[in-house]
2 protein chains.
Amino acid sequence: MSTMQEVAKKAGVSKATVSRVLSGKGYVSEATRKQVFAAIEAAGYRPNLLARNLATSTSQCIGMVVTNTLYSGSYFSEILSQAAKKVEESGRQLILVDGKHSAQQEREAIEFLLDLRCDAIILYPRFLTIDDMDDIIEQTRQPIMVVNRRLRKHPSHAVFCDHKGSAFNAAMALIERGHQKIAFITGSLDSPTAQERLAGYKEALRQAAIAIEPQRIVEGKWTPACGAKAVAALLANNVAFSALIASNDDMAVGALKQLTQAGLRVPNDVSLLGFDDIPVAPFLLPALSSVKDPVTGMIHEVINRLISMLDGGDMTPQQAFISELVLRESVADAAS
Amino acid sequence: MSTMQEVAKKAGVSKATVSRVLSGKGYVSEATRKQVFAAIEAAGYRPNLLARNLATSTSQCIGMVVTNTLYSGSYFSEILSQAAKKVEESGRQLILVDGKHSAQQEREAIEFLLDLRCDAIILYPRFLTIDDMDDIIEQTRQPIMVVNRRLRKHPSHAVFCDHKGSAFNAAMALIERGHQKIAFITGSLDSPTAQERLAGYKEALRQAAIAIEPQRIVEGKWTPACGAKAVAALLANNVAFSALIASNDDMAVGALKQLTQAGLRVPNDVSLLGFDDIPVAPFLLPALSSVKDPVTGMIHEVINRLISMLDGGDMTPQQAFISELVLRESVADAAS
DNA sequence: TTGTATGCGTTATCAG
DNA sequence: CTGATAACGCATACAA
């Protein structure tokens, strides 16, 4: 790899001049500018970003930490895709790093990004606790935004969906259509998201004065296979249900598959929510779909805040206030 | 952020000694080692990876370029997940950057990684042509491996699945079960993968002396929505078919949904291939599932080669030969 | 408008 | 065993 020094020699100027040409900062005559570009071309020169970042102590990168156990399904893809697009718009690069499978490793991933001198960090946590994250935010210079959690000390550093509310709305919608026996497939119960969605379902039943039957609640692990197994279990145990809520799209797909396989006809009139832009399944309610728009909203908000912190120093007080509201509304819209 | 210099001062030693302690290289007395660790702790010191990488001219990172238009569906997640795990095993970090939406931008993403002095690059291309990639490989010092393409000049730098063969096998399996009217939902026809799968389907019909009906072939754009639309179109046009092949899982899901919605009973005995580990759909054949194992195989092979190039210099000639064979076989297995 | 000198935080090569 | 000191490649304040 040729260096700036070599380009300078070829062009008959100094390193500083080459640097000026490249950065566009400072005055350079048109003549030497051309010479320099020619030399760059001839040498096949590419700047060393490590050196540049070291010198400027900014990497123009935004790091993102996600556990690889979450690298599956359309939910993650959506998050990553939205994040990449927004970061791209801001002229920066998104770097994704694996949070692996423990709180300790999630912490290490964050430290790795800090060691790389990333300008900011997006944390989509799986193992770290609220308190852990509050501490980390406190101890870190770089802006950190947390997705999908509610922080205690630094609420403005987090954006989240109202999972409980959306599950509540979903269950309510079914109840209003006359369903009384509503089965529920939850995600892994060690996940806060799963717990909140389950709570929303229970709350809806409670408000409608419908007894909560433990048999109607089956735990899955977010995958299509688990959705299918859950339905199989319900059927095998002769659990009666006229409607079903799955806690995410992937399990909904598996459940749908198992239902049709079992020869169950699915009524057409109960198509409530969408999977991508199509109604997924009569009779089947992928709760996650109801937060699909909010997901993109969350990510956009996260990155907007990060960037305003990077560019304009601190977050505006207003910003912290408004976004939660917006997200809540969009959840409500999607579910209604 | 405190620097090594500050730690050195705190510990009453020189930078060099601190560096030795951290790297474990060179001789340091146990006493000073302890002092240094204490100072590190006290200062809350973290090494600056930019500086380290600049000095060693190695980043311990492997870069990966993927267009964000491919950041969707379980296929991408699977690739990323496998890649992250393998790279992690090798003690390196995987950095994902966006190839955006043109050949030019894919090229720029590669250059960005080179500028970061990544040790190696994984390219999962969408827009670059074979010739482009052959050129880039030629002009670049760092090892580059291409996923899912067949290169001309540097075949050992690419690993691919036999898409045509797997689609052929899928169609053949249906034909052997007595189906004559097999509909086919292709992916975007500007994608080589889609073209190859379509070719496999056609080849199978040809060998079975079944006429190819253009009406039975519908183009989608890889999403569930498109799968649903495709089925709706087939039904609306009264196209007769007793079996259906979708070119990927996502479209298969949409198709399944539309079929059940239309009240079509799906026979139980034609469950051929799996979606994750469950049979997806009677009567529905998600071709992509048939290459799910090969996908993980591809990625593993890609990273193995990269690492052996990094550690052991060049690839073994043997390696280039064997892997293609392995992949072909696993495709055949999955489809049989 | 351009060149010189210094700093960014490490690693590595020398002497001591 | 340890400490100066020179790279690493670039940016930038300061001179010229």
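Calculation rules
Residues numbered from 1 in each chain as written. Chains lettered and ligands numbered in written order. Predicted model: local features only at pLDDT ≥ 70, side-chain atom pairs only at ≥ 80, totals over all residues. Heavy atoms only, no water. Axes fitted to C-alpha atoms, helices over the stretch in contact; angles between N-to-C directions. Helix = DSSP H or I, 4+ residues; strand = E, 2+ residues; numbered from the N terminus. Parallel < 35°, antiparallel > 145°, perpendicular 65-115°, else oblique. Left-handed = near helix turned anticlockwise from the far one by under 90°. Contact = heavy atoms within 4.5 Å. Nonpolar A, V, L, I, M, F, W, Y, C, P; charged D, E, K, R; others polar. Pairing = 2+ DSSP bridges. Phe/Tyr/Trp six-rings, centres within 6.5 Å; stacked < 30°, edge-to-face > 60°. Buried < 20%, exposed > 50% of the residue type's maximum accessible area, 1.4 Å probe, protein only. Salt bridge = Lys/Arg side-chain N within 4 Å of Asp/Glu carboxyl O. Near = heavy atom within 4 Å. Polar contact = N/O pair within 3.5 Å; in protein donor to acceptor, adjacent residues only side chain to side chain. Domains from an automatic or database assignment. UniProt positions renumbered as here; feature names shortened; annotations may be inferred. Expected span 1.5 Å × (residues − 1). Arc of directions from axis to C-beta.

As annotated in an unreviewed UniProt entry, chain A carries the name Transcriptional regulator and is attributed to Mixta gaviniae.

(A) Geometry of the packing of helix H1 (residues 4–11) of chain A against helix H3 (residues 30–43) of chain A. Residue and element names in this part refer to chain A. Where H1 meets H3, the closest approach of the two axes is 8 Å, and the angle between their N-to-C directions is 125°. As far as their axial angle goes, H3 and H1 are oblique. As for the relative orientation of H1 and H3, their crossing is right-handed in sense. Between H1 and H3, the contacting residues are Val7, Lys10 and Ala11 on the first element and Gln35, Val36, Ala39, Ile40, Ala42 and Ala43 on the second. Tallied by class, residues from the contact of H1 with H3 come to 7 nonpolar, 1 polar and 1 charged.

(B) The arrangement of the sheet that holds strand E1 (residues 61–66) of chain B in detail. Residues and elements named next belong to chain B. Spatial ordering of the open sheet is given by E2-E1-E3-E4-E5, a layout of 5 strands whose pairing is parallel. Sheet topology places strand E2 (93–98) and strand E5 (158–159) at the edges, where each strand pairs with a single neighbour. Contacting E1, E2 and strand E3 (120–124), helix H6 (residues 103–115) crosses the sheet at an angle of about 170° to E1.

(C) Seen up close, the packing of aromatic side chains. All names here are of chain B. Tallying each qualifying case throughout the model produces 2 aromatic pairs over all chains. Aromatic pair Phe184 and Tyr201: ring centres 4.5 Å apart, planes at 25°, arrangement stacked. Placement of the pair is Phe184 in strand E6 (residues 182–186) and Tyr201 in helix H9 (residues 192–207), with a sequence separation of 17 residues. Given a relative accessible area of 1%, Phe184 falls into the buried group.

(D) Up close: unusual backbone geometry. One non-glycine residue with positive phi stands out, namely A:Ser57, at about 50°. Along the chain, A:Ser57 falls in the loop between helix H4 (49–56) and strand E1 (61–66). Among the residues examined, A:Ser57 registers a relative accessible area of 59% and is labelled exposed. Here the phi dihedral of B:Asn148 falls at roughly 75°; this positive angle occurs in a residue that is not glycine.

(E) The arrangement of the pattern of salt bridges in detail. Applying the stated rule across the entire model yields 20 salt bridges over all chains. The salt bridge partner of A:Glu203 is A:Arg206, with a shortest N-O separation of 3.7 Å. Residue A:Glu203 and its partner A:Arg206 are located together in helix H9 (residues 192–207), separated by 3 residues, close to a single helical turn. Residue classification places A:Glu203 among the partly exposed residues on the basis of a relative accessible area of 24%. A salt bridge links B:Asp131 to B:Arg152; its shortest N-O distance comes to 3.3 Å.

(F) Main features of the protein's contact with DNA strand C. In the region of DNA strand C, 25 residues are neighbours, and A:Thr17, A:Arg20, A:Thr32, B:Met4 and B:Tyr45 sit closest. Atoms of DNA strand C within 4 Å of the protein belong to the sugar or the phosphate in 65% of instances, the rest to bases. Within the side chain of B:Ser19, a nitrogen or oxygen atom sits 2.7 Å from a phosphate oxygen of DNA strand C. B:Asn48 places a main-chain nitrogen or oxygen 3.0 Å from a phosphate oxygen of DNA strand C. Sorting the residues of the surface near DNA strand C by element identifies helix H2 (15–23) and H4 of chain A together with helix H2 (15–23) and helix H4 (49–56) of chain B as the ones contributing at least two each. Among the elements that line the surface near DNA strand C, the one with the most residues is H4(B), at 4 residues. When its residues are assigned to classes, the surface near DNA strand C shows 12 nonpolar, 9 polar and 4 charged.

(G) Region of interest: the sheet that holds strand E4 (residues 144–147) of chain A. All names here are of chain A. The sheet built from 5 strands is open, its strands ordered E2-E1-E3-E4-E5 with parallel pairing. Both edges of this open sheet fall to strand E2 (93–98) and strand E5 (158–159), since each of them pairs with a single strand only. Two elements, strand E3 (residues 120–124) and E4, share 3 bridges in a ladder whose sense is parallel. Looking at E4, one finds that Ile121 is bridged to Ile144.

(H) Region of the structure containing the protein's contact with DNA strand D. Around DNA strand D there are 24 residues in total, and A:Met4, A:Tyr45, B:Thr17, B:Arg20 and B:Ser29 lie nearest to it. Counting only atoms of DNA strand D within 4 Å of the protein, the sugar-phosphate share comes to 64%. Elements represented by at least two residues in the surface near DNA strand D include exactly H2 and H4 of chain A together with H2 and H4 of chain B. Taken together, the residues of the surface near DNA strand D break down into 12 nonpolar, 8 polar and 4 charged.

(I) Representation of the domain arrangement of chain A. Domain annotation for chain A reports domain 1 (4–56), domain 2 (61–160) and domain 3 (163–293). Relative to domain 2 of chain A, the C-alpha centre of domain 1 of chain A lies at a distance of 35 Å.

(J) Region of interest: the UniProt feature "domain: HTH lacI-type" (unreviewed entry) in chain A. Feature annotation in UniProt places "domain: HTH lacI-type" (unreviewed entry) on residues 2–56 of chain A, given in this structure's numbering. Secondary structure across residues 2–56 of chain A divides into 71% helix and 0% strand, with the first and last C-alpha atoms of the span separated by 21 Å.

(K) Region of interest: the environment of B:Glu138. Residue and element names in this part refer to chain B. Locating Glu138 in the fold gives a position in helix H7 (residues 130–139). A C-alpha to C-alpha distance of 9.2 Å links Glu138 and Lys153, two positions 15 residues apart in sequence. With sequence-adjacent residues up to four places away left out, Glu138 is seen in contact with Lys153 and His154.

(L) A look at H9(A). Residues and elements named next belong to chain A. The end-to-end C-alpha distance of H9, which contains 16 residues, comes to 22 Å, matching closely the 22 Å that a straight helix rising 1.5 Å per residue would cover. By the burial criterion, the buried members of H9 are Thr193, Ala194, Arg197, Leu198, Gly200, Tyr201, Ala204 and Leu205. Across the axial projection of H9, the buried residues extend over an arc of 150°, all falling on one side. Exposed positions of H9 whose direction lies more than 90 degrees from the buried face are Arg206 and Gln207. At the exit of H9 stands Ala209, carrying a positive phi of roughly 60°.

(M) A look at the pairing of strand E8 (residues 243–246) of chain B. All names here are of chain B. Burial of E8 is two-sided: the residues Ala243 and Ile245 facing one way and the residues Leu244 and Ala246 facing the other way are all buried. Two strands pair when backbone bridges link them, and E6 and E8 are joined in this way by 4 bridges, in the parallel orientation. Bridging across to E8, Phe184 finds its partner in Ile245.

(N) Local environment of the UniProt feature "domain: HTH cro/C1-type" (unreviewed entry) in chain A. The sites that UniProt annotates as "domain: HTH cro/C1-type" (unreviewed entry) are residues 3–32 of chain A. The span residues 3–32 of chain A carries 67% helix and 0% strand; its end-to-end C-alpha distance comes to 18 Å.

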